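Read off the chains here:
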Amino acid sequence: MNLLHYKEGEESRRRYVTAMFLRLDPKTHTVEVVNAGHNPAFLLNGSDTPELIEASGTPVGMLPFSGYSAEKYVLSDKAKLLIYTDGMTEVFKGDEEFGQDRLMEAFRTCRLSDATGTLNSIWQTLDAFSNQENQSDDMTALVIGRKP
């Protein structure tokens, strides 16, 4: 996929793609993740401290040959994973940016176990921070969780 995008030409290389690829196996409670230059995902996996799943390679299409490696995680009881676009961290209140640390803290401190409740809690935190000012970047998030 990387080489295909790169070979589309100079214009496409200026429009590289960050992506996160997941393979979830619900039978073994494992998830394999490849992060192609995307924001780090946050994994709460039996600890109160989120683990960052950082980029294992460059964005898709940026370089002609990029190596990517999958990281495998065994999901503990009540594990939660947050994947998000940079619009979530680039929420502004005036000139102040919400940032990655605040997003991680909002995710970490949310005691709701379901994905919908977790996302609603994060949206409320973002709205409160920004005083509901209009934002210019898209905001997309996915929460995957394991119920005991």
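In the block above lies the structure referred to throughout.
All figures in this text were calculated on a predicted structure; none of them were measured in a lab.

Participant: Tell me about the overall build of the protein, and please be specific about residues and values.
Facilitator: Regarding its fold elements, the protein presents four helices and nine strands. Counting helices and strands in the order they occur from the N terminus, the protein gives α-α-β-β-β-β-β-β-β-β-α-α-β. The C-alpha extent of the protein, read off along each of the three principal axes, is 45 × 45 × 20 Å. By residue count, 38% of the 148 residues in the protein fall in the buried class. Taking contacts inside the protein between residues at least 6 apart in sequence as the whole, the part at least 24 apart equals 62%. For the protein, the accessible area works out to roughly 8700 Å², and carbon and sulfur atoms hold 50% of it.

Participant: Residue-level account of the environment of Ala128, with values.
Facilitator: Considering the arrangement of structural elements, one finds Ala128 in helix H4 (residues 115–130). Measuring from C-alpha to C-alpha, the distance between Ala128 and Lys93 comes to 9.6 Å, with 35 residues separating the pair along the chain.

Participant: Outline the sheet that holds strand S3 (residues 41–44), supporting the account with residue identities and numerical values.
Facilitator: One open sheet holds the four strands; their spatial order is S4-S3-S6-S9, and the pairing between them is antiparallel. The two strands at the open ends of the sheet, each matched to only one other strand, are strand S4 (51–53) and strand S9 (141–145). Taking the axes of each pair of neighbouring strands and ignoring which way they run, one obtains an average angle of 20° across the sheet. Those strands touched by H4 are strand S6 (80–84) and S9, and its axis lies near 140° from that of S9.

The rules behind the values
Residues numbered from 1 in each chain as written. Predicted model: local features only at pLDDT ≥ 70, side-chain atom pairs only at ≥ 80, totals over all residues. Heavy atoms only, no water. Helix = DSSP H or I, 4+ residues; strand = E, 2+ residues; numbered from the N terminus. Buried < 20%, exposed > 50% of the residue type's maximum accessible area, 1.4 Å probe, protein only. Contact = heavy atoms within 4.5 Å. Areas by Shrake-Rupley, 256 points an atom, 1.4 Å probe, with all protein chains shown as cover. Pairing = 2+ DSSP bridges. Axes fitted to C-alpha atoms, helices over the stretch in contact; angles between N-to-C directions.

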